[in-house]
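Here is how the chains run, residue by residue.
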Amino acid sequence: MHRVGLLIADQFQSLALSTLSIFEFANLVIGEPFYQCTVYSEAGGQVSSSYGISVSSMALSDHAEADTWLVGGVLTPLQLPATAGVVHFLQNHALRARRVAGICTGAFVLAQAGLLSERRATTHWAYAQTMKTLHPTVRTEEDRIYIIDDRIWTSAGMTAGLDMVLAMVEKDHGADVARGVAQRMVMNQRRSGGQRQHSALLALSPRSDRLQTALEYVRNNLARPLTVEHLADAVHLSTRQLNRLFLAETGKTPARAIEGLRLESARLMIEQSRLSLDVIARESGFRDRRHMRDVFMRGYGIPPQSLRTGRN
């Protein structure tokens, strides 16, 4: 039996509770009650979420033990920091566990307890800069779905916590069990931790019709050679005008924007198809598989094959 403790506080974000469904469905897939989940709070009893829903919890004590600790976040971590009692508990008990995870802004609680010092971590994008300011010893990476640094796990927004916990199940029981859980929960197969929190197109935030047209042209022609000259001709601008437009609206050159869209296209094909990496590289417009790998390492920090757990 593997004990899971979800630690919440008053005004917790209720979506944190959904992570326990991953373990519930994992038990069904495995065919035995491997995971035993308990909700904890500092004092125990009823705890209210930010939406006003109350949840029963067990009190933290010297006897509160878990193999996996999940620390839920709140909507306003600066106004509602962890109490001294929660920080003391984590400092003295959490590292006895096999792993400790901060869901979304739950990373701030781990940081308060000193558990993220000199470690890689992520949190919700809206609070990443605050994390860097308040906890400069944390190696915050603001555009990752989740990060694993030894026994410490952290996730981005609340739904990314589902991906993180599904990764825990995969680590415990393998890809087939994780896939079975995802199917039963009607989830996409687990997103990798190296994924960005925003889509490439959304991150570019095109405002003008010209730029939207240019980006749509890129998306429809990724497999073709795409030079700045090609793109400028497609939207009836000079290359100088096109460069100015991209820099003004996205802060990126056209070449960087094209690379980002190619990277996202390749990632989606790797995760959602059984095409070979050579074919995916070609369809996404990379010179070859090696070129695609280099761009993956620069953009996501992981090689493309790592997105294909259990597949080639």
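Look up: the structure comes first, before these words.
Below: a short report on this structure. (Residues numbered from 1 in each chain as written. Predicted model: local features only at pLDDT ≥ 70, side-chain atom pairs only at ≥ 80, totals over all residues. Heavy atoms only, no water.)

The eight strands lie next to each other as 3-4-2-1-5-6-10-9, forming an open sheet whose pairing is mixed. With one partner strand each, in any of the chains shown, strand 3 (45-48) and strand 9 (146-149) form the two edges of the open sheet. Neighbour-to-neighbour, the strand axes of the sheet open up by a mean angle of 30°, direction not taken into account. Sheet topology places strand 2 (residues 35-41) next to strand 4 (residues 54-59); two bridges connect them, and they run parallel. What sits directly across from Tyr40, in strand 4, is Met58. Strands strand 1 (2-7), strand 2 and strand 5 (68-71) of the sheet are contacted by helix 1 (residues 19-30), whose axis makes an angle of about 165° with strand 2. (Pairing = 2+ DSSP bridges. Helix = DSSP H or I, 4+ residues; strand = E, 2+ residues; numbered from the N terminus. Axes fitted to C-alpha atoms, helices over the stretch in contact; angles between N-to-C directions. Contact = heavy atoms within 4.5 Å.)

What follows is about the pairing of strand 5. Burial along strand 5 is two-sided: Thr68 and Leu70 and Trp69 and Val71, pointing in opposite directions, are all buried. Bridge analysis of strand 1 against strand 5 gives four bridges, and the strand direction is parallel. Residue pairing in the sheet places Leu6 in a bridge with Leu70 of strand 5. In this sheet, strand 6 (residues 99-102) lies alongside strand 5 in parallel orientation, the contact comprising four bridges. Note that in strand 6 the partner of Trp69 across the bridge is Val100. Tracing the backbone out of strand 5, into helix 2 (residues 84-93) and back to the parallel element strand 6 gives a crossover that is right-handed. (Buried < 20%, exposed > 50% of the residue type's maximum accessible area, 1.4 Å probe, protein only. Right-handed = clockwise from strand over helix to strand, strands pointing away.)

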